[in-house]
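Residue-level structure breakdown
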Amino acid sequence: MNVQKLFLGLLVFVAFVLYSCSNNTDQKSAAQPGNSERKWWKEAVVYQLYPRSFKDADGDGIGDLKGIISKLDYLKSLGINVIWLNPIYQSPNDDNGYDISDYRNIMKEFGTMADFDSLLKGMHERGIKLVMDLVVNHSSDEHEWFKQSRSSRNNPYRDYYHWWNADRGKPPYRYSLFDINHDAWRYDSLSDAYYLHYFSRKQPDLNWENPKLRNEVYDIMKFWLDKGIDGFRLDAFQFVAKDTTFPVWPQGFEKNFIKYYAMGPHIHDYLQEMNKQVLSKYDAMSVAEGAGNSFEDAHDLVDADRNELNMAYAFDAVDLAKPGGYSVLKLKEIFSRWDSAFAEKGWLSIFLANHDQARLVTRFGNDSDSFRTISSKMLSTFLLTMRGTPYYYNGDELGMTNIRFDKIEDYRDMPTLNEYKHLQQTGGDIPAFMKTISFSCRDNGRTPFQWDNTTNAGFTTGTPWIKVNPNYTTINAAAQEKDSSSCLNYFRKLTQIRRDNLALVYGKYTLLDKDNPDAYAYTREWNGKKILVLLNFRSKPVTVSAGLDVSKGKLLVDNYGGLNSGSQLRPYEAVIIALQ
Ligand code: GLC
């Protein structure tokens, strides 16, 4: 490829790139940031695998471990090196496995412990590490601990959970994220007391003040780490520590509940204890869901000298997407602010989608026929070129889209169904709710993986637990395998580029053309290497005031398959250029 010629066009529009003067972390020095100590979990591309919807091997309509095993070569081919598996433990499935009744056994729909052992072996043989979900803010109400705990006020397991005896009157209001009535206290006549559940009434909150409970959790962690797994994603962990005097909070606190629920008393003591007793003894990766209320909270969770966790993920950016669109300026501002706060210390997770969100391309890109592929590739380029560990959700490598159910009967998500009932009971606006959930309900991100164009997208020979997106006939892995310009093959190129260019992992991030409302441009610099990333977030051509001399640069990738000679970025164009 004639690079000179290739860059001729690009040169026109990037002739005078202005480094954004407002970015103040970058100009100070070309020195390496203090957080560039190499670690495998920093160099990882984490692929999040939602087992219920990935691949069903036994025809019951539910994905399973044997199904994942049958796709290990596919996973390897993606170039990812860590898989975060959503919960696979025994569970009555009130919340798709986030309600665990036995932490040391496998959910029967998913298979057996022998299947798990083969899965882990198969992953390790392919150089892929496994991170499991650790759900210990709450258990299932069907866990033996809870059965014991509720049986009487004197039971030795009573203090594994939070109880408020009814003789004291009603407990101060706590908001439940998932309950039909939004009330997090559930009365239980068996011992004439209320128990606390921030999520559903089948997910009672565990009492972390009890050292016996904490030791149980550490034993569970050791059980899995001794089996050879490589780390944990700590579900809803910012909520585990509670002020158990349960003070009365101001009316309406639930509008800002994170402020009240996150980072409660002793949370850092618990994490330091967990680190000392478990994590430090293994080469395990750890990431918390939620990062508290401030950069200080986030740093306290992840800075190496704190001996707590490796990473946390914050929701500022993922919460931006709204049906009417979102501000690209705001997106840039959020990612740049977080990068700047973690430039010297700590480590970030980079993500825009997961199993709790609707689809990436629908929310942050453009899922119309004309722009789905190109905008999906652009978003993948973004996620894989930022500083931090990227978390990439299964199916996004195909550009899978929202299914947009219009009937409540099609939904499976418990909190969504509960909220629907709540609105029915309270005379709420159901049509508005239906509109909202067709854009934002997490079921959109949980429809079965689209493997091929056979019945049910090749996901199952049975009846799928949730409907398959009808667009599987055109959007599927088999078709994309054969197409060198598919989203899938583009994603593979990106993981390769990230592996080959450590500057994309550790490099200093510098935002360019800061006030451009349509494009996102930045460089990444490390050890004498400098890489330029240009992204058009719009469906129209956009001019970028870049200004770097790219004539000696090397094009690493362009989502159109090559640069054009125009002076603008084409709709949703993404370009990565190695400048030095
Ligand atoms: C976390 C999980 C979510 C689950 C909730 C309750 O937010 O990501 O899927 O419903 O915790 O466990």
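Rules used in this analysis
Residues numbered from 1 in each chain as written. Predicted model: local features only at pLDDT ≥ 70, side-chain atom pairs only at ≥ 80, totals over all residues. Heavy atoms only, no water. Helix = DSSP H or I, 4+ residues; strand = E, 2+ residues; numbered from the N terminus. Pairing = 2+ DSSP bridges. Axes fitted to C-alpha atoms, helices over the stretch in contact; angles between N-to-C directions. Contact = heavy atoms within 4.5 Å. 1 Å grid on protein atoms, 1.4 Å probe; cavity = no way out; pocket = protein on both sides within 12 Å on 5 of 7 lines; lining within 4 Å. Points joined across faces, edges and corners; volume = space filled by probe spheres on them. Nonpolar A, V, L, I, M, F, W, Y, C, P; charged D, E, K, R; others polar. Salt bridge = Lys/Arg side-chain N within 4 Å of Asp/Glu carboxyl O. Buried < 20%, exposed > 50% of the residue type's maximum accessible area, 1.4 Å probe, protein only.

**So, unusual backbone geometry**
Most peptide bonds take the trans configuration, and most residues that are not glycine carry a negative phi. Of note, H182 is a non-glycine position whose phi angle comes to about 65°, a positive value. With respect to the helices, strands and loops of the structure, H182 is situated in the loop between β6 (163-165) and β7 (185-188). Phi is positive for H266, which is not a glycine, with a value near 75°. Along the chain, the position of H266 falls in the loop between α7 (257-261) and α8 (267-277).

**Thoughts on the sheet that holds strand β16 (residues 529-536)**
Within the open sheet, the five strands sit side by side as β14-β15-β16-β18-β17. Their pairing is antiparallel. Single-partner strands in this sheet number two, and they are β14 (508-512) and β17 (554-558). Direction aside, neighbouring strands of the sheet carry axes that sit 20° apart on average. Bridge count for β14 against strand β15 (residues 519-526) is five bridges, and the pairing is antiparallel. Across the sheet, residue L512 finds its bridge partner in β15, namely A521. Docked against the sheet, helix α12 (residues 372-383) engages β15, β16 and β18 (574-578), running at close to 145° with respect to β16.

**Focus: the layout of surface pockets**
By volume, the second largest pocket amounts to about 500 Å³. Lining the second largest pocket are 25 residues, with K39, W41, A304, L309 and N310 sitting closest to its centre. For the lining of the second largest pocket, the residue count by class is eight nonpolar, eight polar and nine charged.

**Some remarks on the pattern of salt bridges**
Counted according to the given criterion, the structure contains 40 salt bridges. Note that K407 and D410 form a salt bridge whose closest N and O atoms lie 3.8 Å from each other. According to the relative accessible area criterion, K407 is partly exposed, its value standing at 41%. The exposure class assigned to D410 is buried, which follows from its relative accessible area of 9%. One salt-bridge network, held together by shared partners, links D95, D356, D413, R442 and R446.

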